[in-house]
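Each chain, written out:
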Amino acid sequence: MNSLEASRVLSVLDESLESSKLLSFVTTEVLDTAEQLKDLLGEDLVNTLVKHRNVVNSSAKGIVGSEAAAVSTGELVRLLKKSPTASRLQTLHTRRSPAITQVINFLERLRGYTQKRLTTTVEEDASNREYYDEVRTREEKAVAEAQALEQKLKLQRVELTRQAHAIQSVEDKSRAELYQVQTSTAAQQANITSEAKLTRQTDIDSHQGELENLAKELDTAKNALAKAREQHRETEAALRKAKKRAQQDVEAVIGDYDGDVGSRDREYQAALKEYNLILLQLEEYGKGHAEMLQERLEYEEQQRKLAQEKLQTALRQVRMTRAAKTIQSFWKGIKAKRALEAKKKKKAEAKAKKKPELHSWLTDVMVITDGQHQD
């Protein structure tokens with residue numbers, strides 16, 4: 001559809017909207033009191049209102065059909081557009097019908113929607129839809145990636161916590177074993193000492209003669225005790241070394257855990273930075289969209305002004321064409337009248353030749369006017 005056809009469509013919608021607005025002020029109260037508004041609206045408009053009221057009442061009673069009411073409404077609209085006193089209906093402050101108000105609002109929305117559709121190309125609509133779909137897809141993808149990273153970080157934290165608990169349980173078990181060894185060693189030492197004392201006292205009391213043997217046996221027992229202590233010391237040293245190694249292993253695992261958490265945290269910070277960049281891009285896209293919308297509104301305003309100028313030019317051309325046709329018909333009438341008068345002058349009396357030129361000109365005008373009315 002070219003611009004001229006679009007202007008015609010908008011012109012038809014504007015004319016319909018104007019007619020609806022004029023009819024909205026012709027309420028039932030105005031029709032019922034039309035005779036009393038003769039001084040305000042003029043005789044022609046009042047007569048048309050009375051005629052329209054009679055047609056509407058007859059149509060409601062079934063005397064005449066709906067076609068007569070439609071014709072009467074069309075005549076009333078044409079007179080309202082031509083009459084200079086039609087604007088005075090707005091000063092009556094009558095309550096307009098809700099139905100006609102809805103029709104006016106619908107026509108206004110239809111006019112704006114039609115103008116927008118006529119001034120917007122299919123490529124621009126497709127481009128706008130693709131742009132918004134792409135932005136929405138990017139935003140959904142960024143949100144999904146952020147949620148996936150957060151879930152992954154939570155799982156890694158749970159796994160590292162589980163490993164730390166396992167290491168702590170191993171350390172607790174080692175400490176329990178060390179305590180058990182120390183306790184058993186102390187108990188064995190106490191038992192050996194008590195047995196040695198009991199044996200020595202019994203031997204002294206009962207077998208004084210065997211004191212030297214018992215002394216030797218005591219020395220042997222002491223040597224055995226020393227060896228047991230030495231073995232216990234070696235066992236304790238081995239356990240201490242095992243404890244130290246366990247502590248070192250725990251520290252190494254904790255260090256690995258800290259390094260892994262640090263790397264995961266850096267990855268999270270990088271993802272968060274990328275997410276913030278995406279948000280900034282979305283904000284820039286929103287600003288660009290606002291600027292494009294402003295440019296679009298300015299472009300539509302320019303197109304509307306151009307359409308109005310074209311409409312005014314077309315209306316001036318129509319008026320000039322009508323004026324030219326009227327002048328031509330008037331001139332043809334004058335030529336025909338003059339030719340007829342020339343024929344009559346040959347047969348007329350001398351007195352007819354002396355009639356005033358003004359009377360002849362008025363006669364010409366009346367004849368031409370009658371001819372136009374007959375046409």
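The coordinates are above.
Described below are features of the structure shown in this document. Here the structure is a predicted model, which means the values were calculated and not measured.

Criteria and cut-off values
- Residues numbered from 1 in each chain as written.
- Predicted model: local features only at pLDDT ≥ 70, side-chain atom pairs only at ≥ 80, totals over all residues.
- Heavy atoms only, no water.
- Helix = DSSP H or I, 4+ residues; strand = E, 2+ residues; numbered from the N terminus.
- Buried < 20%, exposed > 50% of the residue type's maximum accessible area, 1.4 Å probe, protein only.
- Contact = heavy atoms within 4.5 Å.
- Areas by Shrake-Rupley, 256 points an atom, 1.4 Å probe, with all protein chains shown as cover.
- Salt bridge = Lys/Arg side-chain N within 4 Å of Asp/Glu carboxyl O.
- Expected span 1.5 Å × (residues − 1).
- Arc of directions from axis to C-beta.
- Core = buried A, V, L, I, M, F, W, Y, C linked by side-chain atoms within 4.5 Å.

A few points about the overall build of the protein
Turning to step 1, where the next piece is worked out: Each helix and strand counted, the protein has 10 helices and 0 strands in total.
Turning to step 2, where the next piece is worked out: Along the protein, from the amino end to the carboxyl end, the secondary structure elements read α-α-α-α-α-α-α-α-α-α.
Turning to step 3, where the next piece is worked out: Here the protein holds 375 residues, and the buried ones make up 17% of them.
Turning to step 4, where the next piece is worked out: In the protein, of all internal contacts separated by at least 6 residues, the share reaching a separation of at least 24 is 75%.
Turning to step 5, where the next piece is worked out: Carbon and sulfur atoms make up 55% of the accessible area of the protein, which amounts to about 28,700 Å² in all.

Things to note about the pattern of salt bridges
Turning to step 1, where the next piece is worked out: One pass over the full model with this rule turns up 15 salt bridges.
Turning to step 2, where the next piece is worked out: In this structure, Arg162 and Glu159 form a salt bridge, with 2.4 Å as the shortest nitrogen-oxygen distance. Of the two residues, Arg162 and Glu159 both sit in helix H7 (residues 122–206), 3 residues apart, roughly one turn of that helix.
Turning to step 3, where the next piece is worked out: For Glu159, a relative accessible area of 33% translates into the label partly exposed.
Turning to step 4, where the next piece is worked out: Between Glu300 and Arg296 there is a salt bridge, with the nearest N and O atoms lying 3.5 Å from each other. One end of the pair is Glu300 and the other is Arg296, both in helix H8 (residues 211–347) and 4 residues apart, which spans about a single turn.

Considering helix H4 (residues 43–61)
Turning to step 1, where the next piece is worked out: Given a rise of 1.5 Å per residue, 19 residues ought to cover 27 Å, and the 27 Å separating the end C-alpha atoms of H4 matches this to within 8%.
Turning to step 2, where the next piece is worked out: Listing the buried residues of H4 in full gives Leu45, Val46, Thr48, Leu49, Val50, His52, Arg53 and Val55.

Section: helix H6 (residues 98–119)
Turning to step 1, where the next piece is worked out: Taking 1.5 Å per residue as the helical rise, H6 with its 22 residues ought to reach 32 Å, and the 32 Å between its terminal C-alpha atoms agrees with that figure.
Turning to step 2, where the next piece is worked out: Ile104, Leu107, Arg111, Thr114 and Gln115 are the residues of H6 that are buried. Down the axis of H6, the smallest arc covering the buried residues is 95°, so these residues share one side. When the buried face of H6 is taken as reference, the exposed residues oriented beyond 90 degrees from it are Pro98, Gln102, Arg109, Tyr113 and Lys116.

Some remarks on the nonpolar core
Turning to step 1, where the next piece is worked out: Val26, Leu41, Leu45, Leu49, Leu76, Leu80 and Leu89 are the most contacted members of the largest nonpolar core, which has 16 residues in total.
Turning to step 2, where the next piece is worked out: Elements supplying a minimum of two residues to this core: helix H2 (28–32), H4 and helix H5 (66–82).
Turning to step 3, where the next piece is worked out: Among the elements that make up this core, the one with the highest residue count is H4 (4 residues).
Turning to step 4, where the next piece is worked out: Ignoring any residue separated from it by four or fewer positions in sequence, one finds Leu89 in contact with Phe25, Val26, Val30, Leu41 and Leu80.

What to know about the environment of Leu107
Turning to step 1, where the next piece is worked out: Note on placement: Leu107 falls in helix H6.
Turning to step 2, where the next piece is worked out: A relative accessible area of 14% places Leu107 in the buried class.
Turning to step 3, where the next piece is worked out: Along the primary structure Leu107 and Leu13 are separated by 94 residues, whereas in three dimensions their C-alpha atoms are 7.3 Å apart.
Turning to step 4, where the next piece is worked out: The residues touching Leu107, leaving out its near neighbours within four places in the chain, are Ser16, Leu17 and Ser20.

A word on the side chain of Arg111
Turning to step 1, where the next piece is worked out: Within the secondary structure layout, Arg111 lies in helix H6.
Turning to step 2, where the next piece is worked out: Classification of Arg111 as buried rests on a relative accessible area of 18%.
Turning to step 3, where the next piece is worked out: Ignoring anything within four residues of it in the chain, the contact list for Arg111 reads Leu10, Leu13 and Asp14.

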